[in-house]
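Survey of secondary and tertiary structure
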Amino acid sequence: MTHIINGKQIAEKLRQDLKEEIIKLESKYKKVPGLAVVQVGNVAASSLYVKAKTKNAKEVGINVIDHHLNEDTEEGKLLELVKDLNNQENVNGILVQLPLPSHINEKLVLDSIHPNKDADGFHPLNVGKLSIA
């Protein structure tokens, strides 16, 4: 017996459930979840991906804080931004869009995201938790 799964329908249901959950959280805590999205440079595929993530997050009620940095941004400046985002109360998740320019150490940047704010789950602590789950 073949069972066809309607991915669009499932995704819409998940988005609706998430939207309702965010409304409850906002009512309870009087604040909206915040997602900081950091993109360095202008890789076309990355820009499209960030646009889609931003659109989906906003649709469910997440406040998106966009940080689009120039291609020549120094690694230290990016690390300082991540450090600042780690300490911002209105930021519940941080997403650094990959790939980063070649002069920036991706692992160093991803490891600098606090594990509790790691939206992609790339921090070593989160990868470890996933591997034992």
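Procedures and definitions
- Residues numbered from 1 in each chain as written.
- Predicted model: local features only at pLDDT ≥ 70, side-chain atom pairs only at ≥ 80, totals over all residues.
- Heavy atoms only, no water.
- Helix = DSSP H or I, 4+ residues; strand = E, 2+ residues; numbered from the N terminus.
- Buried < 20%, exposed > 50% of the residue type's maximum accessible area, 1.4 Å probe, protein only.
- Contact = heavy atoms within 4.5 Å.
- Areas by Shrake-Rupley, 256 points an atom, 1.4 Å probe, with all protein chains shown as cover.
- Lys, Arg positive; Asp, Glu negative; His and termini not counted.
- Charge placed at Lys NZ, Arg CZ, Asp CG, Glu CD.
- Pairing = 2+ DSSP bridges.
- Axes fitted to C-alpha atoms, helices over the stretch in contact; angles between N-to-C directions.
- Patch = residues over 30% accessible without salt bridge, like charges linked within 9 Å, V, L, I, M, F, W, Y side chains within 5 Å.
- Salt bridge = Lys/Arg side-chain N within 4 Å of Asp/Glu carboxyl O.
- Core = buried A, V, L, I, M, F, W, Y, C linked by side-chain atoms within 4.5 Å.

Scanning the chain for helices and strands turns up five helices and three strands. Element order for the chain, N to C, with α for helix and β for strand: α-β-α-β-α-β-α-α. Overall size of the chain, expressed as C-alpha extent along the three principal axes, is 50 × 40 × 35 Å. Residue burial in the chain is summarised as follows: out of 133 residues, 32% are buried. Considering only residue pairs separated by 6 or more positions, the chain has 73% of its internal contacts joining residues 24 or more positions apart. When the accessible surface of the chain is totalled, it reaches about 9000 Å², and 57% of it is carbon and sulfur. Of note, the chain has its 17 positive side-chain charges centred 8 Å away from the centre of its 18 negative side-chain charges.

A separate point is the sheet that holds strand 1 (residues 34–40). Backbone hydrogen bonds are what pair the strands of a sheet, in a parallel or an antiparallel way. Ordered by their spatial adjacency, three strands build an open sheet running 2-1-3, and the pairing between neighbours is parallel. A single partner strand is all that each edge strand has here, and the edge strands are strand 2 (63–69) and strand 3 (93–96). Neighbour to neighbour, the strand axes of the sheet diverge by 15° on average, direction disregarded. When strand 1 meets strand 2, the two strands line up parallel, connected through seven bridges. Residue pairing in the sheet places Gln39 in a bridge with His68 of strand 2.

Moving on, we come to a nonpolar patch on the surface. Residues Ile5, Ile10 and Leu14 make up a contiguous nonpolar surface patch of about 310 Å² in total accessible area. With respect to the helices, strands and loops of the structure, Ile10 is situated in helix 1 (residues 7–29).

Right, let's get into the nonpolar core. In this structure, Val38, Leu78, Leu85, Val96, Leu100 and Val109 are the most contacted members of the largest nonpolar core, which totals 17 residues. It is helix 3 (residues 75–87) that contributes the most residues to this core, four residues altogether. Leu35, Val50, Ala57 and Val64 belong to the second-largest nonpolar core, a separate cluster that totals six residues.

The tally for this structure, following the rule as stated, stands at five salt bridges. Salt-bridge contacts for Glu12 lead to Arg15; the nearest nitrogen and oxygen are separated by 3.4 Å. With Glu12 and Arg15 both in helix 1, this residue pair falls three residues apart, about one helical turn. For Glu12, a relative accessible area of 42% translates into the label partly exposed.

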